[in-house]
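Structure at a glance
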Amino acid sequence: MIKDQTSPTRFVVCVRNQGHPASLELRKIYRVIPDAAAEAHDHLRIVDESGEDYLYPVGYFVPITLPKGIEEAFSTVP
């Protein structure tokens, strides 16, 4: 999936992981990959514990705003 470079980076916290306990950790911060088609179907594209991006129900996450320094640290790809 090609990231839309004009979209701001968004972050969410996982609050549910039913059916995906190995892929999603509760209370962990995840980066959202912009995907308008997924969001139109109430899903978010998340880079999960496998290191790959997958679709998960939007209800599994709560959006958060990070302080700039932390956002920069999360936005860099190791």
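Everything discussed here concerns the structure shown above.
None of these values were measured; they are calculated from a predicted model. (Residues numbered from 1 in each chain as written. Predicted model: local features only at pLDDT ≥ 70, side-chain atom pairs only at ≥ 80, totals over all residues. Heavy atoms only, no water.)

1. Let's talk about the sheet that holds strand E1 (residues 10–14)
The strand order E4-E3-E2-E1-E5 describes an open sheet built from five strands, whose pairing is antiparallel. Two strands in the sheet have a free side with no partner beyond their single neighbour: strand E4 (53–57) and strand E5 (61–64). Put simply, the sheet's adjacent strands are angled 45 degrees from each other on average, direction ignored. Here strand E3 (residues 43–47) pairs with E4 via five bridges, running antiparallel. Bridging across to E4, Val47 finds its partner in Asp53. (Pairing = 2+ DSSP bridges. Helix = DSSP H or I, 4+ residues; strand = E, 2+ residues; numbered from the N terminus. Axes fitted to C-alpha atoms, helices over the stretch in contact; angles between N-to-C directions.)

2. Side note on the pattern of salt bridges
A complete count under the given rule lists five salt bridges for this structure. The residue Asp53 makes a salt bridge to Arg45 at a minimum N-O spacing of 2.9 Å. With a relative accessible area of 26%, Asp53 lands in the partly exposed category. Residue Glu72 is joined to Lys68 by a salt bridge in which the shortest nitrogen-to-oxygen separation is 3.5 Å. Note that Glu72 and Lys68 are positioned in helix H2 (residues 68–75) at a spacing of four residues, about one turn of the helix. (Salt bridge = Lys/Arg side-chain N within 4 Å of Asp/Glu carboxyl O. Buried < 20%, exposed > 50% of the residue type's maximum accessible area, 1.4 Å probe, protein only.)

3. Thoughts on the packing of aromatic side chains
For any pair of aromatic rings, geometry is given as the distance between the ring centres together with the angle between the planes. The tally for this structure, following the rule as stated, stands at two aromatic pairs. Each ring, one from Tyr30 and one from Phe61, has its centre 6.3 Å from the other, and the planes form 80 degrees; the classification is edge-to-face. Here Tyr30 is found in strand E2 (residues 29–33), whereas its partner Phe61 is found in strand E5, with 31 residues between them in sequence. With a relative accessible area of 6%, Phe61 lands in the buried category. (Phe/Tyr/Trp six-rings, centres within 6.5 Å; stacked < 30°, edge-to-face > 60°.)

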